[in-house]
Number of protein chains: 2
Amino acid sequence: MTAAGKHQVSRAETPRRGGRQGRAGIRDVAAAAGVSITTVSDALNGKGRLPDATRRHVREVAERLGYRPSAAARTLRTGKSGLIGLTVTTYGDEPFTFTEFAYFAEMARAATSAALARGYALVILPATSRHDVWSNVALDGTVVIDPSDQDPVVTELVRQGLPVVSDGRPAGTLPVTAWVDNDHRAAVLDLLDHLAAAGARRIGLLTGTTTDTYTRLSTTAYLHWCERVGQAPVYESYPAHDPCAGAVAADRLLARPDRPDAVYGLFDPNGTDLLAAARRYGLRVPEDLLLVCCSESTVYATTEPPITTLSLKPRRIGTAVVQLLIDAIEGVKHDGPVEQVIPTELIVRTSSQRRPPRTTVSPPRSPTGD
Amino acid sequence: MTAAGKHQVSRAETPRRGGRQGRAGIRDVAAAAGVSITTVSDALNGKGRLPDATRRHVREVAERLGYRPSAAARTLRTGKSGLIGLTVTTYGDEPFTFTEFAYFAEMARAATSAALARGYALVILPATSRHDVWSNVALDGTVVIDPSDQDPVVTELVRQGLPVVSDGRPAGTLPVTAWVDNDHRAAVLDLLDHLAAAGARRIGLLTGTTTDTYTRLSTTAYLHWCERVGQAPVYESYPAHDPCAGAVAADRLLARPDRPDAVYGLFDPNGTDLLAAARRYGLRVPEDLLLVCCSESTVYATTEPPITTLSLKPRRIGTAVVQLLIDAIEGVKHDGPVEQVIPTELIVRTSSQRRPPRTTVSPPRSPTGD
DNA sequence: TTGAAAGCGCTAACAG
DNA sequence: CTGTTAGCGCTTTCAA
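### Re the overall build of chain A
Argument step 1. For chain A, the helix and strand inventory stands at 12 helices and 12 strands.
Argument step 2. Within chain A, the fraction of its 370 residues that count as buried is 51%.
Argument step 3. In chain A, the proportion of contacts linking residues at least 24 apart, taken out of those at least 6 apart, comes to 66%.
Argument step 4. Entry remark: accessible area of chain A is about 17100 Å², with carbon and sulfur atoms responsible for 51%.

Pasting the structure below:
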């Protein structure tokens, strides 16, 4: 073969062997640019020590041919897919409880942003491991929201050697790579103190029947607090995945003979549920009943009255979880522990203040001043 | 080589060449089971005409070794990844507006379920095509929510020969494979008729400044309706991605000298925004002001008063979009058109009825009866 | 009925 | 500085 004809072989209009018509491959680019496929790869990936001219030329040709590298081939070769799994523990029949609470949506959004910013994409996966889908997608790692104790998905993933970071302190000895969580205990204690300071004498709790960490820690904190201040616990539980059940439970709580004069609701919809229940019983908020619920929803800023909420800062959690996971994937070593505690925020509004901050009546005004 | 030693070569404890320790490959299974890799592949994928005994044996060995087929290799070989992209047109800086409205979350959830049920997973992707991530993931097709006219992402995907199904009728000549949408025009006309029947004399509109199809069609329908009944249009627009702006616009609308006696808000938070604004102006709902907004949020069932909402049925849309897309991916032919119109639902509550359905005061009761 | 061999399209050693 | 070569792990003809 003559030197001149070095890569002329497949140049010209040779239309590729099997030639899936349409998409150009790396060899087409190489041929069209008159270089080897290595040079194309290097030029496009910013590797090697090519002269700028070559690099530019190759990029131009690739662009002109509409060349798109095959993600599958790259993944197979490099062992990295750039894909991160996202799983949410399911409560009902649905594969996940995305919408039930604004929390998940917010968290997922932040996680997606953070992943995208570092060149990764999120794949939404079901919480059940038997699903074929899990083995059909090449994952670099996984984010697990609220893993249950002995979670089979986590166990399997770890066995495969994949990094797993959980949102929510893993129960038991679940071997996650890292986790991010709030200090639920502290948050609840603070909040109860806040209610007590606002004049509450008997604080009730609206909680869940599920055994996830969040529910468990929050409820335990409540019981401890009651014990500490010598109040008899007053609470109602319901299956948190069922939105109707929340309203019923709220009603039950306010129907009790030992009716609380303040209530904390663990779940997002509890605010409106409790408000509606209070209305049915002719209870004024905050005069007769103080209200706080854990929620990320902005509607509570404009309810009548606005309701104090505890924010778990899902955005910060989503971001942190993804950073930790990608660090693990890319082998970044962490000095500190692989646990990260995100502070919560109590957003105090009218519903938990016996005396509203301002007693002066403001005229109709633009509400931007919040 | 003796017949007996046929595949003994790599059996024994030969630990694989490069041997990424831990994960077993198809050859390991073949060696351990004393068969060829072809047989393993066939046995595991239910192909070929193997005797049941062989099949069972191979599966057993694979299970014992904890064998997981490489998704990347399979994708490279078959050209199918089982991955579907999901993109949401962005309004602000965030990669997408997931949370802003319950609509997106609901739709995404339904889409995820539907995809999972057919063996596919959803990958969340940014709306901007320049993002590297797009070319880093092997997609079988993409769902695009609310594509803008001439959407570059869609154009590029179609050029690559990938099926694209959009939620929202594509504007202009966007060459999507199929689309699903509501009949926004009919929905708005119906809803305005409903308000007029409830006694509204001057209906106002809270709309957006964006030019997406939903906003445009709804606003146009409103203007047409006004023309038809001879009412002067009364509306305020604001950038829908900014939650604060909504409250301000609601306030502006009710502050007008030609104040409407009924309002339809195009976006999810408008209900609470308008309710708060009405309160500031001392307007009673529904006595002085009838209210309807387009929302999927359940909070409107328990606001004071409950607010009538227009549901776009995001679940049905999400499901339909995914079915259509997977059909296209798998080459299922459709007799009918590739357009699908999902009916909307007007959920009538107190806020749009001059006379509440029941004037009898119910005693405190379980709210399940809804 | 089962196995050998040929790649899918790419990247990473290693030559030249 | 650039090209040749050897696979990544699997599925799929095709031959035995």
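### A word on the sheet that holds strand 9 (residues 290-294) of chain A
Residue and element names in this part refer to chain A.
Argument step 1. Pairing within the open sheet is mixed, and its six strands lie in the order 7-6-8-9-10-12. Of all strands in the sheet, those bounded by a partner on one side alone are strand 7 (234-238) and strand 12 (345-347). Taking each pair of neighbouring strands and ignoring which way they run, the sheet shows an average axis angle of 15 degrees.
Argument step 2. Pairing analysis gives three bridges linking strand 9 to strand 10 (residues 308-311), with the strands arranged parallel. Its bridge partner lying in strand 10, V292 is registered against T308.
Argument step 3. Its contacts with the sheet put helix 11 (residues 270-280) on strand 6 (203-208), strand 7, strand 8 (262-265) and strand 9, and the angle it makes with strand 9 is roughly 155 degrees.

### A few points about unusual backbone geometry
Argument step 1. At the junction of V285 of chain A and P286 of chain A, the peptide bond is cis and its omega measures out at 10 degrees in the coordinates.
Argument step 2. Structurally, P286 of chain A is set in the loop between helix 11 and strand 9.
Argument step 3. Not every positive phi belongs to a glycine, and D146 of chain A is a case in point at roughly 55 degrees.
Argument step 4. Mapped onto the secondary structure, D146 of chain A falls in the loop between strand 3 (141-145) and helix 7 (152-159).
Argument step 5. Of note, K313 of chain B is a non-glycine position whose phi angle comes to about 60 degrees, a positive value.
Argument step 6. Within the secondary structure, K313 of chain B is located in the loop between strand 10 (308-311) and helix 12 (314-329).

### Side note on the pattern of salt bridges
All names here are of chain A.
Argument step 1. Going through the model one piece at a time under the given rule, you end up with 28 salt bridges over all chains.
Argument step 2. Between R252 and E236 there is a salt bridge, and its shortest N-O distance comes to 2.7 Å. Taken together, the positions of R252 in helix 10 (residues 243-255) and E236 in strand 7 put the pair 16 residues apart, joining distant regions of the chain.
Argument step 3. Take R252: its relative accessible area is 36%, and that puts it in the partly exposed class.

Reading guide: rules and limits
- Residues numbered from 1 in each chain as written.
- Chains lettered and ligands numbered in written order.
- Predicted model: local features only at pLDDT ≥ 70, side-chain atom pairs only at ≥ 80, totals over all residues.
- Heavy atoms only, no water.
- Helix = DSSP H or I, 4+ residues; strand = E, 2+ residues; numbered from the N terminus.
- Buried < 20%, exposed > 50% of the residue type's maximum accessible area, 1.4 Å probe, protein only.
- Contact = heavy atoms within 4.5 Å.
- Areas by Shrake-Rupley, 256 points an atom, 1.4 Å probe, with all protein chains shown as cover.
- Pairing = 2+ DSSP bridges.
- Axes fitted to C-alpha atoms, helices over the stretch in contact; angles between N-to-C directions.
- Salt bridge = Lys/Arg side-chain N within 4 Å of Asp/Glu carboxyl O.

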